[in-house]
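Architecture at a glance
One letter stands for each residue in the lines below.
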Amino acid sequence: MTASGRRHPRRPRAFGTTVFAEMSELAARTGAINLGQGFPDQDGPDSVREAAVAALRAGRGNQYPPVAGVPELRAAVADHQRARYGLAFDPEREVLVTAGATEAIAATLLALVSPGDEVVVLDPAYDAYAAAIALAGGVRVSVPLRPERGAFRLDPAELRAAVTPRTRLLLVNSPHNPTGTVLTRAELTGIAELAVEHDLLVVTDEVYEHLVYGVEHLPLAGWPGMRERTVTVGSAGKTFSFTGWKIGWLTAPADLLGAVLAVKQYLTYVPAGPLQYAVAKALRLPPAYFDGLRAELADRRELLVAGLERAGFGVFRPAGTYFVTADIRPLGERDGVAFCRALPDRAGVVAVPSAVFYQRPELGAPFVRFAFCKRPAVLRAAADRLASLGPAGGRPAAADSPLSTV
């Protein structure tokens, strides 16, 4: 009890303000260019936005939609999985619409993880994972993605060593936030074989599935023995640049989906009905839209990568997502948190320290994350500002800070 006689909250006390809120507030206060939080600075396709307006005006979804999602969107998700990946899901029993991917992950972990169960997670990880595991009473066990030859890679021996008799579930994210890594076929095969061998459940966060550059996104549910044990999470926000709509979904076998639905109905109950009809339309856009999105973001990736290299950072060129991880050691820095807090005043740009994504923050201490889902003019302006950090014209990554070790 406190002096005032009030009890302190327990679990909520462990979750402070997110780093995204802190850095966005810092950007607003200083007028810095915000390359920290991952949201586009332009809306998605007009046809999708107008579909939402039309649904509102027609009264479609203005009252409670079905708890599992409107049939049109569930059918569109199922058709998307079949057309792109050859995965067949029953839209009535194996597709669930959620309030963004974050709710999908939270509801799944609350449904499938019991107190004391271990959940193996790739480290670093989106910060909502740790919160959802804790709320479920689970134990987070992290396996690091190691910086290696300009990318972050998974060591299959470390993954195997992390699995114990208490392991219940593997939580996998590819394309991976924050590193931009896309897991290779060999890495995914190792994960699938381990899950089947130990009869583990798998949750795979694939919200960046369409944001890949020169590589292929491969859903884990497509591996032998994986469909019946895998919950796959998707989202409209990243692919269609409507992050504020918070429309996500998951596909899973009926028994797992039923367990998740039983929890999800007591969280948001349902997400915005009219927006579900618009996302159904978005998922049926022609392939040219998805190809154009990748090409546009690939160009923006190169703008930011070039600017960071000129400023003197060591840069990991991402194979997916819209994030770039940069090494601050060539700039004579070691502490990414302190660096990011000072960066708005030093250079007028906001980034996010990678350490906040790690269970072992020291592994991410020298890294920071920048987002390139911004207009080219904004990225050029940010690059010009960041150039002040290094000598005239910037310099490439220094030899004393290789991108293969921490």
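The model shown is predicted, which means the values in this text are computed figures rather than measured ones.

**Some remarks on the side chain of T232**
Counting through the fold element by element, T232 comes out in strand 8 (residues 230-235). T232 has contacts with Q81, T204, E206, A221, W249, L250 and T251, leaving out every residue within four places of it along the chain.

**Details of the packing of aromatic side chains**
Within a pair of aromatic rings, the relevant descriptors are the distance that separates the centres and the angle that separates the planes. Following the criterion strictly, the structure yields 15 aromatic pairs and no others. An angle of 70 degrees between the planes, with centres 5.9 Å apart, marks the rings of F240 and F290 as edge-to-face. Residue F240 is found in helix 8 (residues 237-240), and its partner F290 is found in helix 11 (residues 287-311); the two are separated by 50 residues along the sequence. Comparing F240 with F290 shows no difference in burial state: the two are buried. The ring of F323 carries R369 above its face, with NZ or CZ at 3.6 Å from the centroid.

**Structural notes on the packing of helix 2 (residues 46-58) against helix 10 (residues 273-283)**
Between helix 2 and helix 10, whose axes approach to 8 Å, the crossing angle comes to 145 degrees. In the crossing of helix 2 with helix 10, the sense of the turn from one axis to the other is right-handed. Of the residues in helix 10, those touching helix 2 at S47, V48, A51, A52, A55 and L56 are P274, L275, Y277, A278, K281 and A282. In terms of residue class, the contact of helix 2 with helix 10 is made up of ten nonpolar, one polar and one charged.

**Quick notes on the nonpolar core**
Most often, soluble globular proteins have nonpolar side chains that are buried together. Formed by 73 residues in total, the largest nonpolar core has its most connected members in F313, F370 and L386. Here this core gets seven residues from one element, more than from any other, and that element is helix 11. What F370 contacts, discounting residues up to four positions off in sequence, is L35, L304, L308, F313, Y322, F323, V324, A326, L343, V349, A351 and L386. With 29 residues, the next largest nonpolar core counts L87, V97, V279 and L285 among its residues.

**Points about the packing of helix 3 (residues 71-85) against helix 10**
Orientation of helix 3 relative to helix 10, taken along the N-to-C sense of each, is 25 degrees, at an axis distance of 8 Å. One finds that helix 3 runs roughly parallel with respect to helix 10. For the pair helix 3 and helix 10, the crossing hand works out as left-handed. Facing E72, L73, A76, V77 and H80 of helix 3, the residues of helix 10 in contact are Q276, Y277, V279, A280 and L283. Classifying every residue of the contact of helix 3 with helix 10 by side-chain character gives seven nonpolar, two polar and one charged.

**With respect to the layout of surface pockets**
Here the largest pocket is characterised by a volume of approximately 1000 Å³. What lines the largest pocket is a set of 44 residues, and nearest its centre among them are T18, F20, Y126, D127 and A128. Sort the elements by how many residues they give to the lining of the largest pocket and helix 5 (residues 127-135) lands first, with six residues. Tallied by class, the residues present in the lining of the largest pocket amount to 24 nonpolar, twelve polar and eight charged. Roughly 240 Å³ of internal volume is contained in the second largest pocket. Lining the second largest pocket are 15 residues, and of these D43, S241, L293, E296 and R300 sit closest to its centre. Residue contributions to the lining of the second largest pocket peak at six residues, all from helix 11. Here the residues of the lining of the second largest pocket are counted per class, giving six nonpolar, four polar and five charged.

**Side note on a nonpolar patch on the surface**
Residues L110, L135 and L267 make up a contiguous nonpolar surface patch of roughly 230 Å² in combined accessible area. Tracing the sequence through the fold places L135 in helix 5. Judged by relative accessible area, L135 falls into the partly exposed class, the value being 40%.

**Here we look at the sheet that holds strand 9 (residues 248-251)**
The sheet built from eight strands is open, its strands ordered 2-9-8-7-6-3-4-5 with mixed pairing. Lying at the two open borders of the sheet, with one neighbouring strand each, are strand 2 (95-98) and strand 5 (151-154). For this sheet, the mean angle separating the axes of adjacent strands, direction not counted, is 25 degrees. As paired elements, strand 3 (residues 118-123) and strand 6 (residues 167-173) share four bridges and run parallel to each other.

**Looking at the pattern of salt bridges**
Here the structure, examined in full by the defined rule, presents 25 salt bridges. Among the salt bridges present, the one from R149 reaches E148, with a minimum N-O distance of 2.7 Å. The class for R149 is exposed, based on a relative accessible area of 71%. For E148, a relative accessible area of 30% gives the class partly exposed. Between E187 and R153 there is a salt bridge, with its nearest N and O atoms 2.8 Å apart. One end of the pair, E187, is in helix 7 (residues 185-198); the other, R153, is in strand 5, and 34 residues separate them in sequence. Taking relative accessible area as the criterion, E187 reaches 11% and is therefore assigned buried. Three or more residues are tied together by salt bridges with common partners; here these are D43, D46 and R49.

How each quantity is defined
- Residue numbers run consecutively from 1 along every chain, following the written order of its sequence.
- Residues qualify for local features only when their pLDDT is at least 70, as the model is predicted, and side-chain atom pairs are given and counted only at 80 or more; totals for whole chains, interfaces and linings, by contrast, use all residues.
- No hydrogens and no water enter the side-chain calculation; it runs on all heavy atoms of the structure.
- For the purposes of this entry, the term helix denotes a DSSP run of H or I that reaches at least four residues, the term strand denotes a run of E that reaches at least two, and both are numbered from the N terminus.
- Contacts between residues were defined by any pair of non-hydrogen atoms, one from each residue, lying within 4.5 Å.
- Ring pairs shown here join Phe, Tyr and Trp side chains whose ring centres sit within 6.5 Å, with only the six-membered ring taken for Trp; geometry is labelled stacked below 30 degrees between planes, edge-to-face above 60, and tilted in between.
- The classification of residues rests on relative accessible area computed with a 1.4 Å probe and restricted to protein chains. Under 20% of the type maximum is buried, over 50% is exposed, and intermediate values are partly exposed.
- Put simply, a charge is over a ring when the Lys NZ or the Arg CZ is close to the ring centre, within 6 Å, and near the line of the ring normal, within 35 degrees.
- Helix axes are fitted only over the stretch in contact, all axes being lines through C-alpha atoms; the angle between N-to-C directions runs from 0 to 180 degrees.
- Handedness of each helix crossing follows the sense of rotation of the near helix against the far helix: counterclockwise by less than a right angle gives left-handed, clockwise gives right-handed.
- In this classification, Asp, Glu, Lys and Arg are treated as charged, Ala, Val, Leu, Ile, Met, Phe, Trp, Tyr, Cys and Pro as nonpolar, and every other residue, Gly included, as polar.
- The term nonpolar core refers to a set of buried residues drawn from Ala, Val, Leu, Ile, Met, Phe, Trp, Tyr and Cys, joined through side-chain atoms within 4.5 Å.
- Angular relationships are summarised with four words: roughly parallel below 35 degrees, roughly antiparallel beyond 145, roughly perpendicular across 65 to 115, and oblique for the angles in between.
- A 1.4 Å probe that fits into a set of points on a 1 Å grid over the protein atoms alone but cannot get out defines a cavity; an open set with protein on both sides within 12 Å along at least five of seven lines defines a pocket, and lining residues are those with an atom within 4 Å of a point.
- Grid points are joined across faces, edges and corners, and a volume is the space filled by probe spheres set on the points.
- The patches described consist of residues with a relative accessible area above 30% and no salt bridge, like charges being joined within 9 Å and nonpolar side chains (Val, Leu, Ile, Met, Phe, Trp, Tyr) within 5 Å.
- All accessible areas in this document rest on Shrake-Rupley with a 1.4 Å probe, and a residue is counted as covered only by the protein chains that are shown.
- Any carboxyl oxygen of Asp or Glu within 4 Å of a side-chain nitrogen of Lys or Arg constitutes a salt bridge here.
- Pairing between two strands is assigned when DSSP locates at least 2 bridges connecting them.

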